[in-house]
Amino acid sequence: MIEIKDLEKNYGSTKAVKGINLSINSGEILGLLGPNGAGKSSTLRILTGYLKPSSGTIFVKGLDVRESELEIKKLIGYLPESAPLYSEMLVYDYLIYIANLRGLDSENIEPRLKELADLCGIRSVMHKSINSLSKGYKQRVGLAQAMMDDPEILVLDEPTTGLDPNQIVEIRNIIREIGKTKTVIFSTHILSEAEATCDRIVIINSGVVAADGTPAQLKQMMEGDSKVELTLKNSNIEDLERLLSQIPQIESYKIMENNNNLDVSIFAKEDLRETLYLKIKDTNWILLSLSLEVKSLENIFRKLTREQIDE
Ligand SMILES: Nc1ncnc2c1ncn2[C@@H]1O[C@H](COP(=O)(O)OP(=O)(O)OP(=O)(O)O)[C@@H](O)[C@H]1O
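Figured I'd write up the structure that's included with this text. (Residues numbered from 1 in each chain as written. Predicted model: local features only at pLDDT ≥ 70, side-chain atom pairs only at ≥ 80, totals over all residues. Heavy atoms only, no water.)

**Details of the packing of aromatic side chains**
The way to describe two aromatic rings as a pair is by their centre distance and the angle between their planes. The criterion, for reference: Pairing of aromatic rings covers Phe, Tyr and the six-membered ring of Trp, with a centre-to-centre limit of 6.5 Å; geometry is then stacked below 30 degrees between planes, edge-to-face above 60, and tilted otherwise. Think of it this way: any DSSP run of H or I at least four residues long counts as a helix, any run of E at least two long counts as a strand, and we number them from the N terminus. For every residue, the accessible area (1.4 Å probe, protein chains only) is compared with the maximum for its type, and the residue is labelled buried under 20%, exposed over 50%, or partly exposed between those bounds.
With the rule as written, the count across this model stands at 1 aromatic pair. Between the aromatic rings of Tyr50 and Tyr78, the centroid separation amounts to 5.3 Å while the plane-to-plane angle is 35°, which identifies the pairing as tilted. A residue pair is termed long-range when its members are at least 10 positions apart, and Tyr50 in the loop between α1 (40-47) and β4 (55-60) and Tyr78 in strand β6 (residues 76-79) qualify at 28 residues. Among the residues examined, Tyr50 registers a relative accessible area of 45% and is labelled partly exposed. For Tyr78, a relative accessible area of 13% puts it in the buried group.

**A short note on the side chain of Thr188**
Our working definition: Polar contact criterion, stated in full: a pair of N or O atoms within 3.5 Å, where within protein one must be able to donate a hydrogen and the other to accept it, and residues adjacent in sequence count only if both atoms are side-chain atoms. We call two residues contacting when some pair of their heavy atoms lies within 4.5 Å.
Inspection of the secondary structure puts Thr188 in strand β8 (residues 183-188). Here Thr188 falls in the buried class, since its relative accessible area comes to 2%. Separated by 2.8 Å, the side chain of Thr188 and the backbone nitrogen of Ile190 make a polar contact. If near-sequence neighbours (up to four positions away) are discounted, Thr188 is found in contact with Leu32, Leu33, Gly34, Lys40, Glu158, Glu193 and Ala194.

**As for the pattern of salt bridges**
Stated precisely, the cut-off is as follows: The salt bridge criterion pairs a side-chain nitrogen of Lys or Arg with a carboxyl oxygen of Asp or Glu, the two atoms within 4 Å.
Taken as a whole and assessed by the stated rule, the structure comprises 20 salt bridges. Linking Lys5 and Glu3 is a salt bridge whose minimum nitrogen-to-oxygen distance equals 3.9 Å. Taking relative accessible area as the criterion, Lys5 reaches 39% and is therefore assigned partly exposed. Look at Glu3 and you get partly exposed, because its relative accessible area is 30%. Arg273 is the salt-bridge partner of Asp271, the closest N and O atoms lying 2.7 Å from each other. By relative accessible area, Arg273 is classed as partly exposed at 32%. It is possible to trace a salt-bridge network through shared partners that takes in Arg112, Glu115, Asp150 and Lys182.

**Overview of the site of the ligand**
Quick reminder of the rule: Think of it this way: one heavy atom of a residue within 4 Å of a molecule or strand is enough to make that residue near it. Accessible surface is estimated by sampling points in the Shrake-Rupley manner with a 1.4 Å probe; for residues, cover comes only from the protein chains shown. Put simply, Ala, Val, Leu, Ile, Met, Phe, Trp, Tyr, Cys and Pro go in the nonpolar bin, Asp, Glu, Lys and Arg in the charged bin, and everything else, Gly too, in the polar bin.
With respect to spatial proximity, 13 residues lie near the ligand, and among them Gly37, Gly39, Lys40, Ser41 and Ser42 are the closest. At 2.9 Å, a backbone N or O of Gly39 approaches an oxygen atom of the ligand. In the complex, 61% of the free accessible area of the ligand, which totals 630 Å², lies under the protein chains. At the level of secondary structure, the elements contributing two or more residues to the shell around the ligand comprise β2 (14-24) and α1. Looking at the shell around the ligand, the element that brings in the most residues is α1, giving 3 residues. Classifying every residue of the shell around the ligand gives 4 nonpolar, 6 polar and 3 charged.

Structure (structure tokens):
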């Protein structure tokens, strides 16, 4: 449905997007995940026709963003990072205004507003002024305007930024509900957000795609990297190093003396707990602990984006 081809965006000498290639399928809930400044907003603004690419392009249902900006805008509902709401207006008046702006037939406006009020959970605030609403409700109104003409694709730029945990869960539920029938693309720098909401996560770092897959696939990517930690009593470094040298799968290890014990970290391509246990069993050492470091998406994200996070 959406094909991003060799997309680049420069702002003067700043290279914000450096050659992104991505296919997004119809019906996907896709999370663009990356640290601040990774190039997520630039990519989404090009997709929605609000920014021109420096080179490369995006096709939306075969339409090129460089040529068919208006047709593409009709296919996409867009909620930018700071929602452009008219704060003095009542929610109801604002949504009527948006409906007229988008050219909805007048007889369809009331029924559509009712549907959106239910979908976005704003029925109780329809007659309140926008500036009296909490940030969570403002965001729901923003979602309602993005969904006004029932677009096939919904694009949300950091939709949960600045919300409290309860509001985040509520917006997440609305996104999931919308995602049952639409293609949804949203950006976030919060990993748990992407993990909880998306079918697919694309990690963007420094303007390029650093990883792409389902949350489960991304976790699997790390299968090759295993770290076993163990603590030994009654051992000594020399004998331990001799024993470790008999296990060719070990790529590297670290040994730390801790009172009378040795704390050992062992890095390998596979889980070596069993091999280690069987070797240690034949010694007179006491194995106080043996564990495999649990892989999490957090680790993957940190590993892939370390440079920027450390900055
Ligand atoms: N209008 C602009 N003029 C100059 N530089 C810009 C402009 N917009 C973005 N940039 C720079 O481009 C890079 C990518 O920004 P972008 O907003 O696309 O990233 P992001 O991943 O969405 O980050 P954030 O979450 O902080 O918005 C950053 O270094 C940013 O400072």
